[in-house]
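# Summary of structural features
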Amino acid sequence: MDFYQLIEERESVRSYDSKKPVPPKVLERILNAGRIAPSASNKQPWTFLVVSSEEMLKKVRPCYQRNWFQNAPQILVIVGDKSKAWVRKKDGLNSIETDLTIAMDHIILAAENESVGTCWILDYDYEMLAKAIGLKENEVICCITPLGYPESGYHKRRNKIRKPLDEVVRYI
Ligand SMILES: Cc1cc2nc3c(=O)[nH]c(=O)nc-3n(C[C@H](O)[C@H](O)[C@H](O)COP(=O)(O)O)c2cc1C
């Protein structure tokens, strides 16, 4: 698909068919898009956790209590190790959030290319999720998304509500 068409068509999916997990080969292509994402000083300080076993799904689903989220057959949790990320010497800025966010965006766009639905989620219970996945010291959770196919009968909204370009761009 043309890249500009792909980014126009991607939208947050809040409907998932619990009985239709993403096949391993498709999942691999999507995750590979995250693997090859850029990161500061090429440190690649990330781990992509694909929550897919019933046991782990049971622990992770309560971290975001929306009905539609409970149906996701797989949930991606991107975690990173702060001690492995690049740090700007002058002021100590750690690139972890930026690196992980870029990887997430690569993954979300690759998922769109595979007709796999995603929804970037930040409003989850951080402490609960950290406990559920056994987050280690130095590790942070950056973002999570369900991965799956929309329920049958689902239609994209196709109504991007965005500020006009001349409101968000300034040539200086
Ligand atoms: C950083 C970030 C956090 C978000 N957190 C949530 C969330 O917790 N729950 C949710 O339903 N959607 C969440 N979203 C999805 C946004 O609501 C959505 O991207 C935005 O409304 C634009 O719609 P679109 O993705 O369909 O184009 C988040 C998106 C981003 C980028």
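Figured I'd write up the structure that's included with this text. Small disclaimer: the values here were computed from a predicted structure and weren't measured.

Read from one edge of the open sheet, three strands run β1-β2-β3, paired in antiparallel fashion. The open sheet has two edge strands with one neighbour each: β1 (46–51) and β3 (139–147). Averaged over all neighbouring strand pairs, the angle between strand axes comes to 20°, with direction disregarded. By the bridge criterion, eight bridges tie strand β2 (residues 74–81) to β3 in an arrangement that is antiparallel. Within the sheet, the bridge partner assigned to Gln 74 lies in β3 and is Leu 147. In the packing of helix α6 (residues 126–133) onto the sheet, contacts are made with β1, β2 and β3, and the angle to β3 comes to roughly 90°.

Attention shifts here to helix α2 (residues 24–35). In this model α2 runs 16 Å from its N-terminal to its C-terminal C-alpha over twelve residues, within 8% of the 16 Å that 1.5 Å per residue would give. Those residues of α2 lying buried are Leu 27, Ile 30 and Gly 34. Mapping the buried residues of α2 onto a view down its axis gives an arc of 70°, with all of them on the same face. Facing away from the buried side of α2 by more than 90 degrees, the exposed set consists of Lys 25 and Glu 28. Lining the buried residues of α2 we find β1 and α5 (96–113).

Cut-offs used in this document
- Residues numbered from 1 in each chain as written.
- Predicted model: local features only at pLDDT ≥ 70, side-chain atom pairs only at ≥ 80, totals over all residues.
- Pairing = 2+ DSSP bridges.
- Helix = DSSP H or I, 4+ residues; strand = E, 2+ residues; numbered from the N terminus.
- Axes fitted to C-alpha atoms, helices over the stretch in contact; angles between N-to-C directions.
- Contact = placed C-beta atoms within 7 Å.
- Expected span 1.5 Å × (residues − 1).
- Buried ≥ 20, exposed ≤ 12 C-beta atoms within 10 Å, placed from the backbone.
- Arc of directions from axis to C-beta.

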